[in-house]
Amino acid sequence: MMRKLILLIYLVFCTAYSQNNVATTSAAFLEIGPGARALGMGSAFVSVANDASSLYWNPAGIANVIKPELQTFYSPWLVETQFYYNSAIVPVGTFGTLGLSFTAVTMDEMMVRTVQDPEPSEYGQKFDAGSLSLGISFAKKLTDRFSFGVKAKFVQESIWQMTAQGLAVDIGTLFITKKDLRIGMSISNFGGKLGMEGVNTLVDIDVDENIYGNNDRIDGSLGTPNWPLPLMFRFGLSREFNFGKYMKCLVAVDAIHPNNNPEYLNIGAEYGIMDMIFLRIGKSHTLYELNFQENDDHISLGPEHGFSFGAGIKYQIPRGPKIHIDYVLTDFGIFNNIEGYSISLQF
């Protein structure tokens, strides 16, 4: 029954979003993955999902976390923006596991430039832009091998005096076979459309410019379109292999079906030494290929995402929490390389 349900959900979403809809969604920051460990594995994490960053990749994964955990992630993102992700997991016994998450993308202030004043002075008006998301999650083990999780979140984007707000839901499942093969699936950002609203759309309208002496300052508002959220379907497999008493290797692969891009694969691996030192490598957007027509010419573009390399350490503080420190470096092609830093505390 469960296999049929998963297959039905997959077919519905693949059919509904099988067209090429590049650059037709809002809240693009929801596609930025958090966690230096997950990113170091090429974002192949939907079936691994065993730390606090699972709240993003697959909310069902937090059902297997047995101790409270806090995690913070920071990355200097593209074009001088900053990306932050903070999450917390609290197991509540047989009831299940609760999680909280906060995502933010920020930028420094910039001068307001208009047609009338394209080069303002340093004392002119300034503006900024940013995005944020607040989420609350619940996950529960339905059997000793199968878990289910759901996350509800508030999403907001803003620029100057304009704001777009909405609600979305993430759903995930995780199954662990008798041979320790992990099978994960998640649907992210299922919700309504977002549209900008605010005082910057208010204008004065002259109903008829040919009539002299009429009211040429009637209050009006420019309409703004609403755009859907970046819906993503993830399906992944992962397995851990032991090499002796102190060495182990985790291998994972995810298949991604977004509603605004072609399908692709994320592939990654993590090599652990004595459960203290970890080395990671991964490649996201594998097999990604964007095809379109321009002036009767067929054009094919590949991704800017390159390989990811990561490392981490785990240390048990005497009479204190267990601390995880992770680092990731990702190649972004014509953009600068992106770094990320995570710190996790497990109590």
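Worth saying up front: this structure is predicted, and the values here are computed from it rather than measured.

Draft legend 1. Fine view of the side chain of Thr 81. Tracing the sequence through the fold places Thr 81 in strand 2 (residues 81–91). Its relative accessible area of 14% is what places Thr 81 among the buried residues. Within the structure, the side chain of Thr 81 is placed 2.6 Å from the backbone oxygen of Leu 78, a separation counted as a polar contact. Discounting residues that sit within four places of it in the chain, Thr 81 has contacts with Ser 75, Pro 76, Val 105, Thr 106 and Met 107.

Draft legend 2. Local environment of the environment of Arg 113. Of note, Arg 113 is situated in the loop between strand 4 (110–111) and strand 5 (126–127). A C-alpha to C-alpha distance of 35 Å links Arg 113 and Gly 306, two positions 193 residues apart in sequence. Leave out the neighbours within four places in its chain, and Arg 113 touches Pro 118, Glu 119 and Pro 120. A distance of 2.9 Å separates the side chain of Arg 113 from the backbone oxygen of Pro 118, its partner in a polar contact.

Draft legend 3. Inspection of unusual backbone geometry at higher detail. The phi torsion at Val 79 lies on the positive side, around 45 degrees, for a residue other than glycine. Note on placement: Val 79 falls in the loop between strand 1 (69–76) and strand 2. Classification of Val 79 as exposed rests on a relative accessible area of 68%. Look at Arg 319: it is not a glycine, yet its phi comes out positive at around 55 degrees. Along the chain, Arg 319 falls in the loop between strand 21 (307–316) and strand 22 (322–330).

What counts and what doesn't
- Residue positions are given per chain, counted from 1 along the sequence in the order it is written.
- pLDDT decides what is reported in this predicted model: residues at 70 or higher carry local features, side-chain atom pairs at 80 or more are listed and counted, and totals for whole chains, interfaces and linings draw on all residues regardless.
- Only hydrogens and water are set aside when side-chain values are computed; all heavy atoms of the structure are taken into account.
- Runs of E in the DSSP output that reach at least two residues are strands. Runs of H or I that reach at least four are helices, and both are numbered from the N terminus.
- For every residue, the accessible area (1.4 Å probe, protein chains only) is compared with the maximum for its type, and the residue is labelled buried under 20%, exposed over 50%, or partly exposed between those bounds.
- Nitrogen and oxygen atoms within 3.5 Å of one another constitute a polar contact, given that in protein one can donate a hydrogen and the other can accept it, and given that sequence-neighbouring residues count only through two side-chain atoms.
- Whether two residues touch is decided by their heavy atoms; if any such pair falls within 4.5 Å, the residues are in contact.

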